Amino acid sequence: MDDRTDPDDLDTILSEQRRDLMAAKTLDSDLDMAFKLQMQEAMAASLALNPSLASSSSSRNSPPPSPPHDALNDAILDLAAKLMLEDVERFAQEWEDHERTVSEMMKTKEDLNRRIHDQKFAADLRDVPEDYWDKHGDYYERPYCADESSSSSSTKAAGVETENLRLYCKGLVSEERVRDMKVVVAGAGIAICDPRDNLIFEARKNLEAVVDGVVLSNEASELEAIIEGLNKALTMDLKSVTFYCDDYMLYQYVTNRVRPGNSKVATLVNQVALLQRKFEYCSPSLVARTDIKFALKVAREAIVSQITWRADSSNGKSLKETCVICFEETDVAEIFSIDGCLHRYCCSCMKQHVEVKFLNGMGAECPHEGCKNEVNIDSCAKFLAPKLVEAISQRIKESSIPVTDKVYCPNPRCSALMSKKEVLEYTKTTFVHAEQTGARRCMKCHYYFCINCKVPWHFNMTCYDYKRSHPYPHPEDQLLNSLATKKLWRQCIKCNHMVELAEGCYHITCRCGYEFCYTCGAEWKNKKATCSCRIWDERNIIREQP
């Protein structure tokens, strides 16, 4: 040791060496403990892999002899190799799943960008001046460039701004029947549209309808659909969205106007709020159910995908579904989906339902309990005869047009039903001063007629002159007037409907609502007669038979 060494430095060196020595002893102790634990785990794994050794050791009271050192090392090496292979396989599977997810995400983003580009390009084509095509021909293009859209923000596609996209979300929980079992299924539908409400992207997801014995509520399914939709939007790097829902209470929850009383719903509302913060702009909006038709359709498809199954048939494999009315297993191709509510029934049951309602003079509604959605007759051509569809459509149209507004084409080969307003608007496109002259053109056979006389159009004559020269343009009219005079029938001056008094008083209320006196035809006002005629005759009074 050098005499010039500072004693303080020597103490410092000794302290560091002492500290390193203690650390080495601690490390050696830890390594020894770790080795003992590994030995114990290896013994347990060896016994688990060889149950015969465990059974033979339990049959003897004395402890089993220690295995040879080489055998123990081999068991440890085999176990370590097995665990390592399992880890490698697990890691490879996770990496493959990750790569697949990233690939699907990139494909979805590119598809979204392409659709946005196409929508914008189509909108621009509508705004191109007509003289452009004469000058430049059909050479008007805007090719889609994936590199351009991917290099910039994904909220731009080929230079097209996609700000404030519309995100429609719908969650459904439904009790369905699969063969002889009732099952509760749930599904979510997501649709992304541009500001003009053109569909760009749609997706569906099957939801867990029953968790720990508790059925998923409608509010919870709606919120899970919103969460799925917002996650999809984030995956596509969308920065500005407005998400739409059709549930009033749900809208109150997500706007923090009402606090949910259910803990499950409250948790989901909190998740929605956290996702909203990840966007530059994200706001909820309340709309009618008819406005979320895209998301509703996709959500219903998610429901249907869970209640269909493959079955053997003469043509190979086919999808089957159970009709909840007749409980019969039916091919999916023979299942009818009602527009609006998308409830599904077999064509045979729907045919009977619609025919019975029609024969009773009623409009057909969805058979689902509590559903008031009307069945679109035009869509029933799948299971109804064309003539029956036409007859039902005619009946529905007749009931929808007020009596005083009905117009029938006087052409005996046509007799199409129209309203005065629609036939006037149709005639204005081809006939000048149609409203002043009274000329009308049939919307079906294009036959011109007079709205006042109900006869073919008299071009060079007024209605008065035509009636003087043609008092009875149709022979049937003369017979009808003769019969009306003989039977003492009266004609309503408002709708020209013929009325016959069978019994009761002379105060007549026509089907068009006009009130008049049956004796002289004078109008009744405020339920009071404007004439001095008798109100009733004793012979017309209804008397009970003895």
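In this text the structure is predicted, and so the values were computed from the model without any measurement.

So, how was this worked out
Residues numbered from 1 in each chain as written. Predicted model: local features only at pLDDT ≥ 70, side-chain atom pairs only at ≥ 80, totals over all residues. Heavy atoms only, no water. Helix = DSSP H or I, 4+ residues; strand = E, 2+ residues; numbered from the N terminus. Contact = heavy atoms within 4.5 Å. Areas by Shrake-Rupley, 256 points an atom, 1.4 Å probe, with all protein chains shown as cover. Phe/Tyr/Trp six-rings, centres within 6.5 Å; stacked < 30°, edge-to-face > 60°. Buried < 20%, exposed > 50% of the residue type's maximum accessible area, 1.4 Å probe, protein only. Axes fitted to C-alpha atoms, helices over the stretch in contact; angles between N-to-C directions. Parallel < 35°, antiparallel > 145°, perpendicular 65-115°, else oblique. Left-handed = near helix turned anticlockwise from the far one by under 90°. Nonpolar A, V, L, I, M, F, W, Y, C, P; charged D, E, K, R; others polar. Core = buried A, V, L, I, M, F, W, Y, C linked by side-chain atoms within 4.5 Å. Expected span 1.5 Å × (residues − 1). Arc of directions from axis to C-beta. Polar contact = N/O pair within 3.5 Å; in protein donor to acceptor, adjacent residues only side chain to side chain.

**Student:** Hey, could you run me through the overall build of the protein chain in this one?
**Tutor:** Within the protein chain, the secondary structure is distributed over 15 helices and 24 strands. Across the protein chain, the fraction of contacts at a sequence separation of at least 24, relative to all contacts at a separation of at least 6, is 50%. Here the protein chain has roughly 35,800 Å² of accessible surface; of this, 52% comes from carbon and sulfur atoms.

**Student:** Explanation requested: the packing of aromatic side chains in the structure shown.
**Tutor:** The geometry of an aromatic ring pair comes down to the distance between the two centres and the angle between the two planes. Scanning all chains against the criterion turns up six aromatic pairs. Look at Phe 431 and Trp 457: their rings are 6.1 Å apart centre to centre, the planes differ by 85°, and that puts the pair in the edge-to-face class. Of the two residues, Phe 431 is situated in the loop between α12 (420–428) and α13 (434–437) and Trp 457 in the loop between β18 (448–450) and α14 (463–469); the sequence distance between them amounts to 26 residues. Per residue, the accessibility class of Phe 431 equals that of Trp 457, and both read buried. Where Trp 457 meets Phe 459, the ring centres are 6.1 Å apart and the plane angle is 80°; that geometry is what we call edge-to-face. A network of ring pairs unites the aromatic residues Phe 431, Tyr 448, Trp 457 and Phe 459 as a single cluster.

**Student:** Even after reading the chapter, I still don't get the packing of helix α6 (residues 218–235) against helix α8 (residues 263–276), so can you show me in this structure?
**Tutor:** For any two helices packed against each other, one specifies the inter-axial angle together with the distance between the axes. For the pair α6 and α8, the least separation of the axes is 10 Å and the interaxial angle reads 20°. Classed by the angle they form, the pair α6 and α8 counts as roughly parallel. α8 is crossed by α6, and the crossing has left-handed handedness. From α6, Glu 219, Ala 220, Leu 223, Glu 224, Ile 226, Ile 227, Leu 230, Asn 231 and Leu 234 reach across to α8, where they touch Lys 264, Val 265, Leu 268, Val 269, Gln 271, Val 272 and Leu 275. Partitioned by chemical class, the residues of the contact of α6 with α8 number eleven nonpolar, two polar and three charged.

**Student:** How do you make sense of the nonpolar core when you look at a structure like this?
**Tutor:** The tendency in soluble globular proteins is for nonpolar side chains to be buried as a group. Leu 223, Leu 230, Phe 243 and Val 272 are the most contacted members of the largest nonpolar core, which totals 36 residues. Take this core: its biggest share by element is seven residues, from α6. Apart from residues no more than four positions distant in its own chain, Val 272 is found in contact with Leu 223, Ile 226, Ile 227, Leu 230, Phe 243 and Val 254. In this structure, Ile 338, Ala 364, Ile 377 and Phe 383 belong to the second largest nonpolar core, which totals 22 residues.

**Student:** Could you clarify how one ought to interpret α8 in this entry?
**Tutor:** Owing to its 3.6 residues per turn, the α-helix aligns residues three or four sequence positions apart on the same side. Taking 1.5 Å per residue, 14 residues should reach 20 Å; α8 reaches 20 Å between its end C-alpha atoms and fits that length. Within α8, the full set of buried residues consists of Val 265, Leu 268, Val 269, Val 272, Leu 275 and Gln 276. Along α8, the residues classed as buried sweep out an arc of 120° about the axis, all on the same side. Capping the start of α8, Asn 262 holds a side-chain oxygen 2.7 Å from the backbone nitrogen of Lys 264, two or three residues further along.

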